[in-house]
Amino acid sequence: MTQKEVNEFINQTKFKTVESIMFGRYWLETWYFTPLPKEYHTKCLYICDFCLYFCVHKKEFLRHSRKCMVRHPPGDEIYRDKDISFFEVDGSLQRVYCENLSLIARMFLDHKNVYNTIEAFLFYILCEVKDDGIHFVGYFSKEKISTNTNNLSCILVMPFCQRSGYGKVLIEMSYALSMLEEKPGGPERPLSDLGHRTYVSFWTRRVIKVLLDLDSEDKEISINIISERTGMTTSDIMYILTNQKILRNDRNVSSLNCDRAFLEGILKYAGMPGREINMNEIRWKPYKAIALL
Ligand code: ZN
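Because the structure is a prediction, the values reported are computed rather than measured. (Residues numbered from 1 in each chain as written. Predicted model: local features only at pLDDT ≥ 70, side-chain atom pairs only at ≥ 80, totals over all residues. Heavy atoms only, no water.)

In contact at an axis separation of 11 Å, helix H4 (residues 166-180) and helix H5 (residues 193-212) are set at 50° when each is read in the N-to-C sense. Looking at the two axes, H4 sits oblique to H5. Viewed along their axes, H4 and H5 form a crossing whose handedness is right-handed. Residues Ile171, Glu172, Tyr175, Ala176 and Met179 of H4 form the contact with H5, whose own contacting residues are Thr198, Tyr199, Phe202, Trp203 and Arg206. Among the residues forming the contact of H4 with H5, the class breakdown is seven nonpolar, one polar and two charged. (Axes fitted to C-alpha atoms, helices over the stretch in contact; angles between N-to-C directions. Helix = DSSP H or I, 4+ residues; strand = E, 2+ residues; numbered from the N terminus. Parallel < 35°, antiparallel > 145°, perpendicular 65-115°, else oblique. Left-handed = near helix turned anticlockwise from the far one by under 90°. Contact = heavy atoms within 4.5 Å. Nonpolar A, V, L, I, M, F, W, Y, C, P; charged D, E, K, R; others polar.)

Below is the structure:
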């Protein structure tokens, strides 16, 4: 990008195209520019939280709400545990839904690329199950075919439920899927400061849980076994072990300090645990590319 193109981009994205949205029954102020066509630049955009259809006129939205029969995201429901549900949506099969989803995400995330490669991603939609339907509250995306260890590309929790622990639920699901496909993973880098803190807290709890669960008879554990039991990459595990001073080096012999009181002491400062994903309730198979003949 030349400096002129950079300046043009900054000018174009300086102003919010939409000031607020009505999302289901929630009214929200947007945080960032989102690249919408001119006819959608408005003070308030109305969005159906079931099918993600959007429009600028309230009357049109009310008409849509009366007619819309959709009561859950498209795709396959891969998880249900009491009032929480996950749907897997394929970017190439549900293009309009996923494009709308990316546009909404762009309103609340300042570095999100929209449109570029939607068909290359799967979207995992976190929902609250209520009497009147299954409502969108957040999502994470994941590359269908990844040549690296990324198990999560983009993550969003809608602002109206940001203190509900749903961010941790989304991250927990990304690792649950990594474990099921037997491929250790981690988030796409770089992470924001907040993202880094969230992950360090999550990784610390995850690694320490494995160490605390070790049988007192177990005298040895390898980084690979921790990786198998957490779905984490060996480099992220090493980062936590070193950072939390669990890994000790005495005269070139490495060992882990698995003293229960020591580990529980670290846990105390690692932040609150999120709601756990019940692995028995996941109905999911890893994505398999079908070759065209
Ligand atoms: Zn709708």
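Where helix H6 (residues 223-230) meets helix H7 (residues 234-243), the axes come as close as 9 Å, and the angle between the chain directions of the two elements is 105°. Taken together, H6 and H7 sit at an angle that is classed as roughly perpendicular. For the pair H6 and H7, contact is made by Ile223, Asn224, Ile226, Ser227 and Thr230 and by Thr234, Ile237, Met238 and Leu241, respectively. Split into classes, the residues belonging to the contact of H6 with H7 amount to five nonpolar, four polar and no charged.

Going through the model one piece at a time under the given rule, you end up with one cavity of 30 Å³ or more. Within this model, the largest cavity holds a volume of roughly 40 Å³. Along the walls of the largest cavity sit Tyr79, Asp81, Ile84, Val169, Arg275, Glu276 and Ile277, which together make up its complete lining. Here the lining of the largest cavity is built from residues that sort into four nonpolar, no polar and three charged. (1 Å grid on protein atoms, 1.4 Å probe; cavity = no way out; pocket = protein on both sides within 12 Å on 5 of 7 lines; lining within 4 Å. Points joined across faces, edges and corners; volume = space filled by probe spheres on them.)

The coordination sphere of the zinc ion contains the protein donors Cys48 (SG), Cys51 (SG), His64 (NE2) and Cys68 (SG), at a distance range of 2.2 to 2.3 Å. Its four donor atoms give the zinc ion angles of 97 to 120° at the centre, a pattern that matches the tetrahedral case. Written as a sequence motif, the donor arrangement for the zinc ion is C-x2-C-x12-H-x3-C. (Donors = N, O, S within 2.8 Å, 3.2 Å for Na, K, Ca; no water. Tetrahedral: all angles 85-135°; square planar, octahedral: opposite > 155°, others 65-115°.)

What follows concerns the nonpolar core. By size, the foremost hydrophobic cluster in this structure holds 74 residues, and its most contacted members are Ile21, Phe86, Ile125 and Met158. Ranked by the residues each element gives to this core, the list is headed by H5, at nine residues. Those residues in contact with Met158 that sit more than four places away from it in its chain are Ile21, Phe23, Leu28, Ile104, Phe108, Phe136, Val137 and Gly138. (Core = buried A, V, L, I, M, F, W, Y, C linked by side-chain atoms within 4.5 Å. Buried < 20%, exposed > 50% of the residue type's maximum accessible area, 1.4 Å probe, protein only.)

Residues Lys59, Arg63, Arg66 and Lys67 make up a contiguous surface patch of positive charge. Looking at the secondary structure, you find Lys59 in helix H2 (residues 58-67). Judged by relative accessible area, which is 70%, Lys59 ranks as exposed. (Patch = residues over 30% accessible without salt bridge, like charges linked within 9 Å, V, L, I, M, F, W, Y side chains within 5 Å. Areas by Shrake-Rupley, 256 points an atom, 1.4 Å probe, with all protein chains shown as cover. Salt bridge = Lys/Arg side-chain N within 4 Å of Asp/Glu carboxyl O. Lys, Arg positive; Asp, Glu negative; His and termini not counted. Charge placed at Lys NZ, Arg CZ, Asp CG, Glu CD.)

The buried fraction of strand E7 (residues 121-130) amounts to eight of the ten residues, a majority that puts the element mostly inside the structure. Note: strand E6 (residues 84-90) against E7, seven bridges, orientation antiparallel. Within E7, the position partnered with Ile84 by the bridge is Glu128. Across ten bridges, the pairing between E7 and strand E8 (residues 133-143) is antiparallel. Each residue of the ladder has a partner; that of Tyr124, found in E8, is Phe140. (Pairing = 2+ DSSP bridges.)

The subject of this paragraph is the layout of surface pockets. Computed from the structure, the second largest pocket encloses a volume of approximately 540 Å³. Together, 22 residues line the second largest pocket, and Glu172, Arg205, Arg206, Lys209 and Glu276 are the ones closest to its centre. For the lining of the second largest pocket, the secondary-structure elements that each account for two or more residues are H4, H5 and H6. Per-element tally for the lining of the second largest pocket: the top contributor is H5, with seven residues. Across the lining of the second largest pocket, the residue classes tally to ten nonpolar, four polar and eight charged.

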